[in-house]
Amino acid sequence: MPALQAHDLRKVYGHGESGVAAVRGVSVELMAGDCVAVVGPSGCGKSTLLHLCGGMDRPTAGSVVVDGVTLAGLGDDGLTQLRRERVGFVFQFFNLLPTLTLSENIALPLLLAGVSAGEGADRARSCADAVGLSHRLHHYPSQVSGGELQRSAVARAVIHRPALLIADEPTGNLDTDNGRRVLDILRTLNEDTGVAVLLATHDQAVAARADRILRMRDGLVVVPADATRAALPHA
Amino acid sequence: MASWSSLPTRLARRCLTRDPVTLFRQFIVRALVRDPRRSLATVAGLTLGVAVVIAIRLANAGSIRGFEAALDVVAGQTSLEIVGAGVGVPDGQLEHLGWLRDYGLVSPLIARTARLRAPDGTEQPLQVLGIDVLRDRPFREYQLVEFARGGRDPSAQELLALLLDSRSVVLTERFATRHGIELGSAVELVIGDRVHDALVRGLLLDEGPARVVDGQLALLDVAVAQLLFDRIGWLDRVEIQLHDATAIDEAEQAIAARLPDGLRVQRPAQRGRQVEKMLAAFHFNLTALSYIALVVGLFLVYNTVAVSVISRRREIGTLRALGATRRRLLGLFLGEAALLAGLGTAVGVPAGWLLAQGAIALTSTTVNALYITSAATVPPLAWFDLLLAGGVAIPLALAAAAIPALEGARVTPIAAVRGADRFASDQRQRMGRVALVAAVLFGLAGWLSTLDPVGGLPLYGLGAALAVIGGGAALVPLLLTWLRRVGRRAFVRWFKVEGMLAHANLSASVGRLTVSVAALVVSLAMLAAIAIMVGSFRDTVTYWVGQTLRADLFVSAAGRGPAGPSPTISSDAERRVAAHPSVVAIDQFQSVDLPYGADGDLIILGAGNFEVLLEHGGLLFKEPESGRDAMARAVGADAVVVSEAFALKQRVAVGETIALETPQGARPFRVEAIYYDYSSDRGLVVMDRSTFERHYGAQRPAGLTVYLDPAADPVTVREELLAGLGPDHRLFINTNATLRAEVLRIFDATFAITYALEAIAIFVAIMGVATTLLTLVLERREELAMLRLVGAGRAQIRRMVVLEAAMLGVVSQALGLAVGVVLSVILIYVINVQSFGWTIQFDLPIWFLVRSTVLVAVATAVAGLYPARVATGFAGTGAR
């Protein structure tokens, strides 16, 4: 079963003549274990595509199926449940809650799903181990480095074992070494757990770490992901 | 940042140039219009605060306005008046006062109240003037309808002819029309317990004095009035209209020097001043309470400006980057506060007038029961009210807005672009200094509590209360910090992930929350203190009533008021009551108002049958311990027992001698005992009836306290007495049970306005909590969006914010209760004693406080619903 099936997605902001089409008929499919990079200039619709695929926003037209669940039929609660159980998110600016420790931040999706605090803390500890943060569990976000913040965000994104991981410029706010380390972690998770990764980036080097590249311009795919499958070596 | 991206560069240029008004309109006014709910909530809070202040001012003024209006009617053109000691001016003195004519025209007067039974079946109160027709005309303008239509004034002889008949009465045209009374028709005048047949012989035109008391005025001949009011041989006062009104000071001094003992000269306005003084403490306490709502309302201004600053940090940063000075930004945010306060004032002042209609109804029960009987009406709004409201609200609003406005002005372009680290900034709490401030304020409160009142007003006591409130507010950051340290585990255990998030959010916002929580703490502390004080007071009064109201029946005449001449009970009625076979003993009670001391405080001089009281009554003595023995010593002697309020206010101790004015001049009376009394805060001096009659002459009693055979049923005896008295006597007979119920009814009515004012303050404070939460929600919109992304449902976000609100309520209530208990001690033992002179036994109304805690938690949780709704809206793509 595909982790993500997006077909002919369209997103128009505003109405009528003043409406702006951010995505104009994009299709993409990710199987478990796939890693696809979306590249293109600013304003080409990368982030919008990720938001639509992750159930953060609703398309104007087209369909999205995540891990066998069709998003079109879901209400707000359904989308929330989908994000909580089947999708993980990593963003450029980390987006950790400054008022929670790293352990609590990592465990948050589980806690929101009703898992007990004790079990959440246990799972957070093992996820933190996996990203090399076991020594920082009780620190607040303001007390750790940018690389550690993003590794925490990655741990939070996968703690609930999602089928799809959405990463929007995951290295965009990191130096080269930290960026590489985060990418290493993403690829390892991708290969070890089979989570499908859809990441958006400006950075060609980052894109090169993906299995496939989907190039976008003006809301359209100019080079489909399948075209790049054979050309790219796995990391 | 859609709002900023839409800001045209024109705006940026404006801020660099000279057009602050345009910038204010574009940057502040548009933002207020864009967020109408928050703007309206702030203006509504301020409106309520201003309205309460104005309402209490108008209600206070209105409560004595009716009295003063009546005073004006009676005074007319009178320059000075001669009054006697308590019981009036003896008729016989007049012939020795012929020299008064050297100074001006002289006229005797009886001024009393009566009731008139109209043909429409209603019974109406009336101000009755007993006048000497031949002498009174220059004093008051009377236009009689029948003569006015003929285009001429009545001659003195014609007026004399009108009133000479002992059944004649002159009413006002307004009153007659309203109640269907025609010239020449028969009416019934109820005076004391007697009903007199009267004929309406004239109607006063609806103008001048006839209008002032809404037409409730009647004229009788002075001799007839003396007869009907049991005042034969006495006048209420003698009025003087000076030949030279400009030489009033000299005339007053000269007349005072020549008057015999027992008489005084005063200006008519003096009586108004006495009433104002009597009510001063009551009005002062209400005014102080009314300002709490306004102060709490100002916290809303703080919050609104804080939201303004927080939600637009990037815009502010951009303006700064484009060259806007800090001073200009400060001006913009202070201008926002001034605009909100101006709107609150503009709406609050007329709203205050409307609110005053309700407030005066609530206060008039107390004023009528304890001070003066008068028709209370709300005076019209004056420019002074607008100036007062604006002069108080706008500067205070600017002060409240100064902190967030300065914060806004201090935003740097870099900080705005990067986003400020809220969590880090809130860590900078200087707890040591805060604790020191709290300790100093509590110490100050302790010291101020030991100081004496100023001019009968508890100014230092109020200062002590303010210091306790300030100390309590200073404890808020300490409490929130303590909660941050210790509460987390409990919150997680009780409320799961929502509890963890709510606790974390509140812990991170101690600085932001302090002001709002302090406002709520202040309001709740006041509520707790007032509840404890009123509860304690009620218990004390209930106990006092149980101990002192021992008689079975209480008989009084119709129209009896708390001040001024009381209607009397006729000897015939008294005889009939005494003749009932179940009646064991009767105490005839008499009371008159008497000026006392150098300040002329209007005290109550009472006379009762001490032997009956000793055998059947139950006065509670404060000192000496053997109060009954002391009272026994006062029987027939020149000795008195005094109420606690009198002893405290006049600084009189047992064994001392006080000087009381009598018709023969000031006479010394030994104070034998001090007793507890809660019926009046004016101070009572009570002497044995035989002593009273020896000094003040025989007077009909104003009330009868009746003790029955223990086997008799008071309700049955009451019915038998009323039946026996027949329609010719109008007496009120209360049984012990109904009088106790009446006492507690008046008590509860007295404090109804207190609770009403507090309820408004708490409502405004809870609005403050709601706007603070809104501030926090706006501040962490990206975090909330993130929460939604990682799987938090709308219901979870909503629960989290509502939980935060409820937590704030519970924390505020906890501290509010603690501060409230301290405050209640000051209210009970300092402010109450200094204002009213009453001892109240401290009692904690546990169940009320438990109920109010639950109510506050629920109310604040409900107040959190709107911020919660806003919080659930930050879903989806807010994260970057």
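Below, the discussion takes up the overall build of chain A. Broken down by element type, chain A carries eight helices and 10 strands. Against the compact-globule benchmark of 18 Å for 235 residues, chain A has a radius of gyration of 17 Å, which places it among compact chains. Dimensions of chain A, computed from C-alpha atoms along their principal axes, come out at roughly 50 × 40 × 35 Å. Counting over 235 residues, chain A shows a buried share of 53%. For chain A, the share of sequence-separated contacts (at least 6 apart) that also reach a separation of at least 24 residues comes to 69%.

Another point: the nonpolar core. A:Leu164, A:Leu198, B:Val301 and B:Val521 are the most contacted members of the largest nonpolar core, which has 317 residues in total. Here the element with the most residues in this core is helix α21 (residues 510–548) of chain B; it accounts for 23 residues. Among residues more than four places away in sequence, those in contact with B:Val301 are B:Thr42, B:Leu46, B:Ala337, B:Leu340, B:Ala341, B:Ala397, B:Ala400 and B:Ala401. Judged by nonpolar contacts, the second largest core, of 18 residues, contains B:Leu553, B:Ile569, B:Phe589 and B:Ala702.

Attention now goes to helix α26 (residues 689–696) of chain B. One full turn of an α-helix is made of 3.6 residues, so residues set three or four places apart face in the same direction. Residues and elements named next belong to chain B. Taken residue by residue, α26 has Arg-689, Thr-691, Phe-692, His-695 and Tyr-696 as its buried positions. Within α26, the buried residues cover an arc of 155 degrees as seen down the axis, which keeps them to one side. Check the buried side of α26 and you find it contacts β13 (583–596), β14 (601–608), β17 (657–662), β18 (665–675) and β19 (684–688). Looking one or two residues beyond α26, the residue adopting positive phi is Gly-697, at roughly 85 degrees.

This paragraph deals with the domain arrangement of chain B. When the parts come together, some accessible area is lost, and that loss is often what is quoted as the size of the interface. Residues and elements named next belong to chain B. For chain B, the domain assignment lists domain 1 (1–76 + 272–280 + 301–420), domain 2 (80–267), domain 3 (423–550 + 737–880) and domain 4 (559–729). Just the C-alpha atoms count here: the centres of domain 2 and domain 4 sit 30 Å apart. Taken residue by residue, the interface counts 19 residues in domain 2 and 23 residues in domain 4. Elements supplying a minimum of two residues to the side of domain 2 that touches domain 4: β3 (104–117) and β7 (194–204).

Looking now at the sheet that holds strand β1 (residues 4–13) of chain A. Residues and elements named next belong to chain A. Taken in spatial order, the four strands of this open sheet run β2-β1-β4-β5, and their pairing is antiparallel. Edge positions in the sheet fall to β2 (20–30) and β5 (69–70), since each of these pairs with one other strand and no more. Where strand β4 (residues 61–66) lies against β5, two bridges are found, and the strand directions are antiparallel. For Val-66, the partnering residue across the bridge sits in β5 and is Val-69.

A few words on the interface of chain A and chain B. Across the boundary between the two partners, chain A contributes 26 residues, which contact 23 residues of chain B. Every element with two or more residues in the side of chain A that touches chain B is listed here: α2 (76–86) and α3 (102–112) of chain A. Grouping the amino acids of the side of chain A that touches chain B by side-chain chemistry returns 13 nonpolar, six polar and seven charged.

This part takes up the pairing of strand β6 (residues 186–191) of chain B. Residues and elements named next belong to chain B. Sheet topology note: the β3/β6 ladder contains three bridges and is antiparallel. The residue bridging Arg-117 from the neighbouring strand is Glu-188, located in β6. Here six bridges tie β6 to β7, and the two strands are oriented antiparallel to one another. Its bridge partner lying in β7, Ile-191 is registered against Arg-194. What sits between β6 and β7 in their antiparallel hairpin is a turn of two residues, with Gly-192 showing a positive phi close to 60 degrees.

Quick notes on the rules
- Residues numbered from 1 in each chain as written.
- Chains lettered and ligands numbered in written order.
- Predicted model: local features only at pLDDT ≥ 70, side-chain atom pairs only at ≥ 80, totals over all residues.
- Helix = DSSP H or I, 4+ residues; strand = E, 2+ residues; numbered from the N terminus.
- Rg over C-alpha atoms; globule rule 2.2 N^0.38 Å.
- Buried ≥ 20, exposed ≤ 12 C-beta atoms within 10 Å, placed from the backbone.
- Contact = placed C-beta atoms within 7 Å.
- Core = buried A, V, L, I, M, F, W, Y, C linked by C-beta atoms within 7 Å.
- Arc of directions from axis to C-beta.
- Domains from an automatic or database assignment.
- Pairing = 2+ DSSP bridges.
- Nonpolar A, V, L, I, M, F, W, Y, C, P; charged D, E, K, R; others polar.

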